Amino acid sequence: MDVFEAIKSRRSIRKYKPDPVSDDDLQKVLEAAHWAPSWANTQCWRFIVVRSPEIKQKVAGTLNRVQIGDDFLKNAATEAIRQAPVLIVACAQTGIAGYNRDGTPVTDKDDWLLFDVALAVQNLTLAACALGMGTVIVGAFDAKKAAEILDVPDGCAVVTMTPLGYPDHTGQIPPRKALGDIVYKDTFGKS
Ligand SMILES: Cc1cc2nc3c(=O)[nH]c(=O)nc-3n(C[C@H](O)[C@H](O)[C@H](O)COP(=O)(O)O)c2cc1C
C-alpha cells in the first residue's frame, strides 16, 4: 500500500476481532513511529505496549465521557480498548521538546511534546493500516489516572493511546471540510 492510499483509507476503528497481533507486525508499527521527525531529534516519546487484559481493562476505565450534541456519552473507544489484543500508550518526557538546554522555551508554545508524539502516532496508525490493522487515537481520558495504573514516572506524561488489532467493521468515513475552506493564499483568510 502506498502512502497516499494509507492516508486516505485509514479510519478510526472501534470494534476489533480477538485475533492476536504478531510480534513482527508490532515491531513494524513501532519502528514506523520511531522514524517520525521530532524537535531537534530529541525523540521525547515513550511507548507502553499493553497486552495484559487486566491492565487494558483498568486503562479503559480512565476514558472520559464526551459531549455529543447536548448529551455526555461514554467514550466510543472504551470497548475498543478492552477488545483489541494490544493497547499502545504513548507517553512523553516533559520539558525537552521545544526547550533550550537551560530550560528556556524556544517558542511561545512551551512544550512541543504533543506535536512530536502526534507525528509518531500518525506514523504508527498509517503503518498499522498498511498491515491491515486498525487503530483509534484516544485523547479523552484521565492521563493522571492512566499514569498511576501504568507506573509512569514523574517527568513523563501520558499523551494518548490507541488500541491495535484487526478491524471487525469498516470504519465510516467522516467527511472533511473542502480544501478551499481551509487553505488560504498568501495571507490568512484569503481564498
Ligand atoms: C487528538 C485526537 C483525540 C481523539 N480522541 C478520541 C477519543 O477519545 N475517543 C474516540 O472514540 N475517538 C477519538 N479520536 C478519533 C476521532 O474521533 C477521529 O479521528 C475523527 O472522527 C475522524 O475519523 P477518522 O479517524 O476515521 O478519519 C481522536 C482523534 C484525535 C486526532
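Source: prediction; values computed, not measured. Residue numbers restart at each chain and count upward from 1, following the sequence in its written direction. For this predicted model, a pLDDT threshold of at least 70 governs which residues receive local features, and a threshold of 80 or more governs which side-chain atom pairs are given and counted, while totals over whole chains, interfaces and linings are taken from all residues. Here the side-chain values reflect all heavy atoms present in the structure, with hydrogen atoms and water set aside.

1. Observations concerning the pairing of strand E6 (residues 156-165)
Now for step 1: For E6, the tally of buried residues reaches nine of ten residues, placing the bulk of the element in the interior.
Now for step 2: Only when DSSP finds a minimum of two bridges between them are two strands counted as paired. A helix here means a DSSP run of H or I that spans at least four residues, while a strand means a run of E at least two residues long, and both kinds are numbered starting from the N terminus. Pairing geometry for strand E4 (residues 86-93) and E6, over eight bridges, is antiparallel. From the neighbouring strand, glutamine 93 faces E6, where its bridge partner is cysteine 156.
Now for step 3: When strand E5 (residues 134-135) meets E6, the two strands line up antiparallel, connected through two bridges. Accessibility here uses a 1.4 Å probe with only protein chains present; expressed as a share of the type maximum, an area under 20% marks a residue as buried, one over 50% as exposed, and anything in between as partly exposed.

2. Looking at the side chain of serine 38
Now for step 1: When you line up the elements, serine 38 lands in the loop between helix H2 (23-34) and strand E1 (45-50).
Now for step 2: From its side chain, serine 38 meets the backbone nitrogen of glutamine 43 in a polar contact 3.0 Å long.
Now for step 3: Contacts are assigned to residue pairs that have any heavy atoms within 4.5 Å of one another. Dropping the residues within four chain positions of it, serine 38 is found in contact with Gln43, Trp45 and Asp116. Throughout this description, a polar contact denotes any pair of N or O atoms lying within 3.5 Å of each other; where both atoms belong to protein, one of them has to be capable of donating a hydrogen while the other can accept it, and for residues adjacent in sequence the pair is counted only when both atoms sit in side chains.

3. Looking at the pairing of E4
Regular strands place their side chains on alternate faces of the sheet.
Now for step 1: Within E4, seven of the eight residues are buried, which leaves it mostly tucked inside the rest of the structure.
Now for step 2: Direction of pairing for E1 relative to E4: antiparallel, over a ladder of six bridges. Among the inter-strand pairings, valine 50 is bridged to a residue of E4, identified as leucine 87.

4. Some words on the site of the ligand
Now for step 1: Only heavy atoms are used to decide nearness, and a residue is near a molecule or strand if one of them lies within 4 Å of it. Close to the ligand lie 14 residues, the nearest being Arg11, Ser12, Arg14, Asn75 and Arg176.
Now for step 2: At 3.1 Å, a backbone N or O of alanine 140 approaches an oxygen atom of the ligand.
Now for step 3: Look at the ligand: alone it shows 620 Å² of surface, and the protein chains cover 63% of it.
Now for step 4: For the shell around the ligand, the residue count by class is seven nonpolar, three polar and four charged. Each accessible area is a Shrake-Rupley estimate made with a 1.4 Å probe; only the visible protein chains count as cover when residues are assessed. Basically, the charged four are Asp, Glu, Lys and Arg, the nonpolar ten are Ala, Val, Leu, Ile, Met, Phe, Trp, Tyr, Cys and Pro, and anything else, Gly included, counts as polar.

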